[in-house]
Amino acid sequence: MRQWLSRWPGRVYAQSGPEGVEVTVSRRNRPRPAERWWLHLLLVLGTLLTATMAGAGMTDGDPLRLVDVSLGGLAIPVPTRFTVHSLGPGLWFSLPLMVILGGHELGHFALARRHGMDVSPPYFIPAPPMVSLIGTFGAFIRLRSPLLNRAVLLDMGAAGPLAGFALSLPAIVVGLLMSERVTGMPAEVTHRIGFVVDNEYLLMGESLGFILLRMLTPLRDAGFVDLHPMAMAGWMGLFFTALNLIPVGQLDGGHIVYSLSRRAHRVTGMAALAGLLGMGVLFPGWLFWGALILLVGRGRIAHPPVFDPDFRLNGPRRVIAWACIVIFVLTFIPQPFQF
């Protein structure tokens, strides 16, 4: 059997089980489609531009600040500061954000390809800063082959959040070292972080992980911190990590919980969706996120089955799964923004 498996032209998964050695074998029955690399590059460049514009808007040199220009008796708002020089500060935000989002999706991509799965390169989604605060709706990959077993599901699902979390940490620490204290805040401001543009405040919540990192910097006792764009990029990295680790449906968190226990996935899925609806009182964006989860799942929060659901997780993979759950606790924020 070992000799035969060694000649198998595909992937072999084998481990000891209660009834002997469990084996799953697979191979491709058709070649991968040709990738449209030009499209992926175009989306990367477009997202870099819109995220840079959004990052520049977090500074006093906002290139999208509109000024009414009279034309034929009509007042037409135009961005009079839109120059290469005015976009420069936005790179402090866009470059680390692109690295974090790209690292997350490339983590999924690399582990999926390692297991011989057919998966697309990352698709970045640019968005005008007037529509999205950060100039993007994130990124995603397309899975074009079935999931073989729960071990493959965990590897692919956990790789993205682990990469995104690890890349966010240095961005936060370096960004906080460049951030500024703000004194004389109004008494009604209860948040500790945000950013200030032209004396207007965007107040943001802090996850437990962000608080722990801030405690390592000179801003540990600051009444309010005006975040540097790089710190904002790291904050968004943790926020996206938490969004993906919500244990429901086909999110990364749903993959991870399903790999641990199919029954637990049903329970946590219903609890997570109910929690999102309840937290919509604090932040209306949770209602949108819950609706999007239901839309992607076509009204269901169940996880699609894997080919071999009885293939168990070994000890190291269980440790990785629980580490992702801890990361979710460290990164989740019930009220991320206060408008």
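Residues numbered from 1 in each chain as written. Predicted model: local features only at pLDDT ≥ 70, side-chain atom pairs only at ≥ 80, totals over all residues. Heavy atoms only, no water.

## Examining the overall build of the protein
To keep things clear, this is the line we draw: For helices the rule is a DSSP run of H or I covering at least 4 residues; for strands it is a run of E covering at least 2, with both sets numbered from the N terminus onward. Any residue under 20% of the maximum accessible area for its type is buried, any over 50% is exposed, and the rest in between are partly exposed; the area is computed with a 1.4 Å probe on protein chains only. Only heavy atoms matter for contacts: two residues are in contact if any of them lie within 4.5 Å across the pair. We get accessible surface area from the Shrake-Rupley algorithm with a probe of 1.4 Å; when it comes to residues, only the shown protein chains can shield them.
In terms of helices and strands, the protein carries 11 helices and 11 strands. A total of 339 residues make up the protein; the buried ones form 50% of that total. Intrachain contacts of the protein at a sequence separation of at least 6 include 72% that bridge at least 24 residues. Carbon and sulfur atoms make up 66% of the accessible area of the protein, which totals about 17400 Å².

## Some words on the pairing of strand β8 (residues 193–197)
Heads up, the condition is: Note: two strands are recorded as paired if DSSP finds a minimum of 2 bridges between them.
Of all five residues that make up β8, five are buried, and the element is covered over most of its length. Residues I193, F195 and V197 of β8 are buried on one face, and the alternating residues G194 and V196, pointing to the opposite face, are buried as well. Of the pairings in the sheet, the one linking β8 to strand β9 (residues 200–204) comprises five bridges and is antiparallel in character. Looking across to β9, one finds that G194 is bridged to L203.

## Examining the pattern of salt bridges
Threshold: For this analysis, a salt bridge means a side-chain nitrogen from Lys or Arg found within 4 Å of a carboxyl oxygen belonging to Asp or Glu.
According to the stated counting rule, one finds six salt bridges in the structure shown. With a closest N to O distance of 2.5 Å, R144 and E35 form a salt bridge. Of this pair, R144 sits in the loop between β6 (136–140) and α5 (150–177) while E35 sits in the loop between β2 (20–26) and α2 (37–56), placing them 109 residues apart in sequence. The partly exposed category is assigned to R144, whose relative accessible area is 21%. On the basis of relative accessible area, E35 is assigned to the buried category, the value being 18%. Across the pair D221 and R181 runs a salt bridge whose closest N-O atoms are separated by 2.9 Å. Of the two residues, D221 sits in the loop between α6 (208–214) and β10 (225–226) while R181 sits in strand β7 (residues 180–181), which places them 40 residues apart along the sequence. Exposure remark for D221: the relative accessible area of 55% places this residue in the exposed category.

## Things to note about the nonpolar core
Quick reminder of the rule: In this text, buried Ala, Val, Leu, Ile, Met, Phe, Trp, Tyr and Cys residues form a nonpolar core when linked through side-chain atoms within 4.5 Å.
Counting residues in each nonpolar core, the largest one holds 72 residues, and the members touching the most others are M204, W235, M236, I246 and W286. For this core, the element with the highest residue contribution is helix α7 (residues 229–245), accounting for 11 residues. Contacts of W286, omitting those with residues within four sequence positions, involve F239, L243, I246, L276, M279, G280, F332, I333, P334 and P336.

## Quick notes on a nonpolar patch on the surface
Quick note on the threshold: Only residues whose relative accessible area exceeds 30% and that form no salt bridge are eligible for patches; like-charged ones are grouped when within 9 Å, while nonpolar side chains (Val, Leu, Ile, Met, Phe, Trp, Tyr) are grouped when within 5 Å.
On the surface, V12, V21 and V23 cluster together into a nonpolar patch covering about 230 Å² of accessible area. Inspection of the secondary structure assignment puts V12 in strand β1 (residues 11–17). Residue classification places V12 among the partly exposed positions, given a relative accessible area of 33%.

## Here we look at the packing of aromatic side chains
Basically, it comes down to this: For Phe, Tyr and Trp, where Trp contributes only its six-membered ring, two rings pair if their centres lie within 6.5 Å, and the inter-plane angle classes them as stacked under 30 degrees, edge-to-face over 60, or tilted in between.
Overall, the coordinates contain 10 aromatic pairs when judged by the stated rule. The interplanar angle of 80° and the centroid separation of 6.2 Å between the aromatic rings of F239 and F337 together place this pair among those described as edge-to-face. Of this pair, F239 sits in helix α7 while F337 is found in strand β11 (residues 337–338), placing the two residues 98 residues apart along the sequence. Comparing F239 with F337 shows no difference in burial state: the two are buried. Here the aromatic cluster, defined as three or more aromatic residues joined through ring pairs, consists of W235, F239, F283, W286, F328, F332 and F337.

## A look at the pairing of β9
In regular strands, side chains alternate between the two faces of the sheet. One ladder, built from two bridges, connects β9 with β11; its direction is antiparallel. Residue M204 lies in a different strand from β11, and its bridge partner there is F337.

## Re the environment of A242
Position of A242 among the secondary structure elements: in helix α7. For A242, a relative accessible area of 2% puts it in the buried group. Along the sequence, A242 and T331 sit 89 residues apart, while their C-alpha atoms lie 5.4 Å from each other. Ignoring sequence-local partners within four residues, the contact set of A242 consists of F328, T331 and F332.

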